[in-house]
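In case you want the letters, here they are:
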Amino acid sequence: MYKTNILFPFFSIFYFSIAFGGSLTEIKAQNSLIGKVTMPKERVLKIGGSNYNADGLVSDPKKRIEIENHPDRNVVISLHPIDFTPMVKPMARAILTQKEKTFIPHVLPITKGSVVYISNEDEFYHNVHSKKPFGLFNIGRKEAGIDVPVTIRQVGLIRVACNEHTEMKGFILSLDTPYFTKANKEGLYNFPDLPDGRYQMQVFHPDMKRPREYGIVEIKNGTRAEKNINLARP
Amino acid sequence: MKDRSIHILLIIFCCLVSLQVFGQFQAKFSGNVDLGLQYGEADSHFYINGVHKNHKNWAFRPVEINLITRLEFSEQWFVNGRLQLEQDEGNTFDQFRVSQLNLNWVPDDTPWQFTLGRFINPFGAFNQKQLSINRSFIDVPLAYGYYTNISPYIGYAPGLGEVQQLSVDNRLHWGLPNNYYNGYSNGIKAKWAVKPNKLSAEIALATAAPLEQKNLNFKPWNYAVISRVMWQPAFFWKQGVSISYGSFFRDNALNAILGQQFNQLLIGTDFKAGIGFFEISGEFTWASHQVPWYDIPTGSYLDADPEAPPYFTLNNWSAYLDLRYEFSFLPGTYLACRLDTLQFGETDNGYSAQSHWDNNVRRFTLALGVQPQSFLLVRMAYALQNISSQNADLNTFRTTLTAFF
């Protein structure tokens, strides 16, 4: 099991680059699950988020953040054991950063009981909160340089918003399993060294209302299983 | 007018469908529906305290429906639109408007944005909070919602609406607020992000001054220059300064003999500061109007001075201060209060017995907001209002339920 933190998606990408050289066929891990997520097509019509009267002036740093933080780079795949109860430990340090009026990462996967540090790197205050029924915290207006710890005790999807900048939306995905990862920019994902057993697979893309189940996978005796996920609409 | 609006909308709709078929853009939609329950005391009137006299006894009714869209053709070109169905000045729920429809161009690698069409008037802080979900209170500040004795048809008339009555197009006329609460302007606008998130400036060339309320009805030679500068002196503090100068008279037989336009100068400053769960914000506006003086009983204009231009200078100022506290243990819930006043200067000709050209107004509002779900906002507000020289009963209680997506 690995420790997941804010840099996890980047480590994940790094891992893929070295281990697989971009090809699924070269994988030599044991008891692992790999696959590719086909991302949904960019929607022509989007409900919500019209951000009334928003201007179009976007700074260069924000443009870069929007590319790195694109919803397609925030797809979380989680495996929920059916045959055993996994030991779920709180993560050592999970950080949700506000920068250029954006939550980074757009989706922060954590284990239940983890402390999320909400950090402001902008030169103005944000007013970050979550709402019922999934989460419940309100940190108020905080200046830059202050990390506000919030303990997430419940499992599920927590929508995070800023009262000051209504266009800011992010997610904390609190999981009851240590087996989760994010797909990299090519849509590839990898779960190395999984214990034997059957797992319910769940996938969350920011365009979804909640995580969706994508069937059961069984992994045992050094299986190198592969499961591709198609999020593209038919 | 309605036919023309429908035709325009049909054309817009056909264009959008065509563009969508060819996949040339991305369209984002959001909207809100507001339902309200209101009570107003005996002397309630929409132009005075925002509650229509026909709906002051615990009336439960729709307040507003908005459909908001943003069509993005590219990073450089996009359209902002807002279709609005609202009450006809507090009465019938039948006013359909295209409150915003503008084309925007953001030249590559520049801090500039140019806007053409109908956009939000950049003057002041409250204009930037056009949707109920952005407002702590239900009523609008006096500078935006209290109708003074200045009319776009005749200029100044003492006691307009209450004492002296003028009917235009079969409607009793009550004058204009300092800065019309629906806040739209037609024209062109440029925005300059001098220092992103720190300092910005806007300037608009519009077809009427901010007090004009339905500014599709403009004379071709009407104009207004509206500008605003916003900066952030500290992380917790935003400050704005706005200036506007422009004309606002509408074509009408009553003013045809004047042969000239009349102007409003509007200067304002606003601020917002917040820390923790507290926020304080406010706005000060000073208005000066150059208008003719119309005597409704005789149907004629008064001359200020045969040697001087045929107008009077009428000034007023307004200020409001909002305090808001958010409950840390109940995200989305807040308690807020507003102190608001509108003070009128003295008339300068001695024709009238009034020392001020309208009655001074004070209002205190207490509001509670609750957001039980991420798509629902419930607001309740009680307002105490007092008008000098009057013993009117104008207090109100209002509550609204806003559903939005």
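As a reminder, the structure under discussion sits directly above these lines.
Below: a short report on this structure. Being a predicted model, the structure only gives us computed values, none of them experimental.

## Focus on the overall build of chain B
So, step 1. Along its length, chain B carries three helices and 22 strands.
So, step 2. When burial is assessed residue by residue, chain B has 54% of its 405 residues classed as buried.
So, step 3. Total accessible area computed for chain B in this model is approximately 17,400 Å², and 63% of it derives from carbon and sulfur atoms.

## Description of the sheet that holds strand β16 (residues 212-219) of chain A
Residues and elements named next belong to chain A.
So, step 1. What the four strands build is an open sheet, ordered β13-β3-β15-β16; its pairing is antiparallel. Strands with a single pairing partner mark the edges of an open sheet, and in this sheet they are β13 (180-182) and β16. For this sheet the average axis-to-axis angle between neighbouring strands, irrespective of direction, equals 25°.
So, step 2. Bridge count between strand β3 (residues 76-81) and strand β15 (residues 197-204): six bridges; the pairing is antiparallel. Counterpart to Ile77 in the pairing with β15 is Val203.

## Considerations on the sheet that holds strand β12 (residues 169-175) of chain A
Residue and element names in this part refer to chain A.
So, step 1. Strand order in the open sheet formed by five strands is β6-β12-β11-β8-β9, with mixed pairing between adjacent strands. Two strands close off the open sheet at either side, each with one partner strand: β6 (107-111) and β9 (138-142). Across the sheet, the axes of successive neighbouring strands diverge by a mean angle of 20°, strand direction being ignored.
So, step 2. Bridge analysis of strand β8 (residues 126-130) against β9 gives four bridges, and the strand direction is antiparallel. Bridge pairing links Val128 to Gly140 in β9.

## What about the packing of aromatic side chains?
All names here are of chain B.
So, step 1. Within the structure shown, the criterion is met by 31 aromatic pairs over all chains.
So, step 2. Consider the rings of Phe126 and Tyr144, whose centres lie 4.9 Å apart with planes at 55°: the pair is tilted. Highlighted residues: Phe126 in the loop between β5 (112-120) and α3 (142-145) and Tyr144 in helix α3, separated in sequence by 18 residues. Residue Phe126 shares its accessibility class with Tyr144, and that shared class is buried.

## Describing the nonpolar core
So, step 1. If you look at the biggest cluster of nonpolar residues, it comprises 53 residues, and the most contacted ones within it are Tyr146, Ile150, Ile154, Tyr181, Phe248, Ile296 and Leu314 of chain B.
So, step 2. Excluding its chain neighbours within four sequence positions, the residues that come into contact with Ile296 of chain B are Ile154, Ala157, Leu160, Gln164, Gln165 and Leu166 of chain B.
So, step 3. In this structure, Ile77, Val107, Ile158 and Ile172 of chain A belong to the second largest nonpolar core, which totals 48 residues.

## Comments concerning the interface of chain B and chain A
So, step 1. Taken together, the contacts link 50 residues of chain B with 38 residues of chain A.
So, step 2. When chain B packs against chain A, the two sides together hide about 3,800 Å² of surface, and 51% of this comes from carbon and sulfur.
So, step 3. Linking chain B to chain A there are four salt bridges.
So, step 4. The interface formed by chain B and chain A includes eight residue pairs in polar contact (both at pLDDT 80 or more).
So, step 5. By residue number, the principal contributor to the side of chain B that touches chain A is strand β1 (residues 26-40) of chain B, which donates five residues.
So, step 6. Here the residues of the side of chain B that touches chain A are counted per class, giving 20 nonpolar, 19 polar and eleven charged.

## Details of the pattern of salt bridges
So, step 1. By the definition in use, this model includes 23 salt bridges over all chains.
So, step 2. The salt bridge partner of Arg141 of chain A is Glu279 of chain B, with a shortest N-O separation of 3.2 Å. Separated into two different chains, Arg141 of chain A in strand β9 and Glu279 of chain B in strand β15 (residues 278-291) make up a pair that spans both.
So, step 3. Here Asp270 of chain B makes a salt bridge to Arg228 of chain B, at a shortest N to O gap of 2.7 Å. Taken together, the residues Asp270 of chain B in strand β14 (residues 263-275) and Arg228 of chain B in strand β12 (residues 224-234) connect sequence positions 42 residues apart.
So, step 4. Taking the relative accessible area as the measure of exposure, Asp270 of chain B reaches 4% and is therefore buried.
So, step 5. The network of salt bridges with common partners includes Asp139, Asp322, Arg338, Arg363 and Arg398 of chain B.

## Re the side chain of Asn127 of chain A
So, step 1. With respect to the secondary-structure elements, Asn127 of chain A resides in strand β8.
So, step 2. By relative accessible area, which is 0% here, Asn127 of chain A ends up buried.
So, step 3. For Asn127 of chain A, the side chain forms a polar contact with the side chain of Glu326 of chain B, separated by 2.9 Å.
So, step 4. Residues contacting Asn127 of chain A, with those up to four places away along its chain left out, are Asn138, Gly140, Arg141, Ala161, Cys162, Asn163 and Glu164 of chain A together with Glu326 of chain B.

The rules we used
Residues numbered from 1 in each chain as written. Chains lettered and ligands numbered in written order. Predicted model: local features only at pLDDT ≥ 70, side-chain atom pairs only at ≥ 80, totals over all residues. Heavy atoms only, no water. Helix = DSSP H or I, 4+ residues; strand = E, 2+ residues; numbered from the N terminus. Buried < 20%, exposed > 50% of the residue type's maximum accessible area, 1.4 Å probe, protein only. Areas by Shrake-Rupley, 256 points an atom, 1.4 Å probe, with all protein chains shown as cover. Pairing = 2+ DSSP bridges. Axes fitted to C-alpha atoms, helices over the stretch in contact; angles between N-to-C directions. Phe/Tyr/Trp six-rings, centres within 6.5 Å; stacked < 30°, edge-to-face > 60°. Core = buried A, V, L, I, M, F, W, Y, C linked by side-chain atoms within 4.5 Å. Contact = heavy atoms within 4.5 Å. Buried area = accessible area lost by both parts, 1.4 Å probe. Salt bridge = Lys/Arg side-chain N within 4 Å of Asp/Glu carboxyl O. Polar contact = N/O pair within 3.5 Å; in protein donor to acceptor, adjacent residues only side chain to side chain. Nonpolar A, V, L, I, M, F, W, Y, C, P; charged D, E, K, R; others polar.

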